[in-house]
Amino acid sequence: MLKVDGITVCYGKIPAVRNVSLEVEEGELVTLIGANGAGKTTTLRAISGMLPLATGSITFRGQPIGNSSARNVLAMGIAHCPEGRRVFPQLTVRENLEMGAYLRKDRDGIARDLERIYDKFPRLKERLHQAAGTLSGGEQQMLAIARALMSRPKMVLFDEPSLGLAPNLVERTFEIVLEIRREGTTVLMVEQNALAALELCDRSYLLETGQVVEHGTGSAMLENPHIQKAYLGG
């Protein structure tokens, strides 16, 4: 479904990722793990069209998307739920959700999807007319996820969905990610909580200093001595 082949992405002249390759099959939940600054967020931004490629290629469902605009990538079916939620703070919850569907023209479908979002996230329904900037961190994370789903994506890129959340909300966030995958949407997720990421995923890639250094199934990565020592406290 998604193939990233040997990409290098730079900030100025400094490469943030170098020769990164990965694949995500349709219906999978794949995670990227690694320390801060390893290149995980940069990889997602390159996929979603927010950063240009210096080298390499990216294809989605057989179509090239490397160096496409973020708008075109979204139109092709990839939604990006960024680190830090990035909701529109002065817009209401309802308006934020409608922004997620801004490329769509099917008003009836949008209305049905809003109702499904309200069923999945009842707290958001309670706060429909509240400014998003006044929500709690957990509520903003739910809104960011819901906004991404309003585009009816074929794949969602999640960047640190559990960051800064209370433990009970972390568990709920991961439950929602699994629900999204069970409902048929493919997921590529960056997550600094390596243990949770590897327990949730089908496969995972470990990035260190901008390069993929290990990859495998979640269960195999959990047994990897290097990962256990460096990222799992073992």
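Preceding block: the structure.
Since the structure is predicted, the reported quantities are computational estimates derived from the model, not experimental observations. (Residues numbered from 1 in each chain as written. Predicted model: local features only at pLDDT ≥ 70, side-chain atom pairs only at ≥ 80, totals over all residues. Heavy atoms only, no water.)

Asker: Sorry if this is basic, but what is going on with the pairing of strand 10 (residues 211–217) here?
Answerer: As a general feature of sheets, a regular strand has side chains that alternate between the two faces. Note: strand 9 (residues 203–208) against strand 10, six bridges, orientation antiparallel. Across the sheet, the residue bridging to Arg203 is Thr217, located in strand 10. (Pairing = 2+ DSSP bridges. Helix = DSSP H or I, 4+ residues; strand = E, 2+ residues; numbered from the N terminus.)

Asker: Help me understand the side chain of Ser68, please; the structure alone is not making it clear to me.
Answerer: Structurally, Ser68 is set in the loop between strand 5 (63–64) and helix 2 (70–76). Those residues in contact with Ser68 that lie beyond four places of it in its chain are Gly49 and Val73. (Contact = heavy atoms within 4.5 Å.)

Asker: Got a minute to help me understand the nonpolar core in this structure?
Answerer: The nonpolar side chains of soluble globular proteins are, as a tendency, buried together. The biggest cluster of nonpolar side chains holds 45 residues, and the ones touching the most others in it are Leu97, Ile117, Phe121, Leu143, Ile145, Phe158 and Met189. At seven residues, the largest contribution of residues to this core is made by helix 6 (residues 137–149). Ignoring anything within four residues of it in the chain, the contact list for Phe158 reads Leu44, Cys81, Ile145, Val177, Ile180, Val187, Leu188, Met189 and Val190. Counting 28 residues, the second-largest nonpolar core is a separate cluster that includes Leu2, Val17, Val73 and Leu188. (Core = buried A, V, L, I, M, F, W, Y, C linked by side-chain atoms within 4.5 Å. Buried < 20%, exposed > 50% of the residue type's maximum accessible area, 1.4 Å probe, protein only.)

Asker: I'm lost on the sheet that holds strand 6 (residues 78–81) in this one. Help?
Answerer: To summarise the sheet geometry, strands pair through backbone hydrogen bonds and adopt either a parallel or an antiparallel arrangement. The sheet built from six strands is open, its strands ordered 6-7-8-3-9-10 with mixed pairing. The two strands at the open ends of the sheet, each matched to only one other strand, are strand 6 and strand 10. Strand-to-strand twist of the sheet, defined as the mean angle between neighbouring strand axes without regard to direction, takes the value 15 degrees. Strand direction decides the pairing type here: strand 3 (residues 29–33) and strand 9, joined by four bridges, are parallel. In the sheet register, Val30 faces strand 9, and the bridge partner there is Arg203. Helix 6 contacts strand 6 and strand 7 (155–159) of the sheet and is inclined by roughly 170 degrees relative to strand 6. Contacts from helix 7 (residues 167–182) reach strand 3, strand 7 and strand 8 (186–190), with the element oriented near 150 degrees to strand 8. (Axes fitted to C-alpha atoms, helices over the stretch in contact; angles between N-to-C directions.)

Asker: Even after reading the chapter, I still don't get the packing of helix 6 against helix 7, so can you show me in this structure?
Answerer: A pair of packed helices can be characterised by two numbers: the angle between their axes and the separation between those axes. In the contact formed by helix 6 and helix 7, the axes pass within 11 Å of each other and the chain directions differ by 10 degrees. Comparing their axes, helix 7 and helix 6 come out roughly parallel. Along its contact with helix 6, which presents Gly138, Gln141, Met142, Ile145 and Leu149, the element helix 7 presents Leu169, Thr173, Ile176 and Ile180. For the contact of helix 6 with helix 7, a count of residues per class yields six nonpolar, three polar and no charged. (Parallel < 35°, antiparallel > 145°, perpendicular 65-115°, else oblique. Nonpolar A, V, L, I, M, F, W, Y, C, P; charged D, E, K, R; others polar.)

Just geometry here; none of it tells us what the structure is for.
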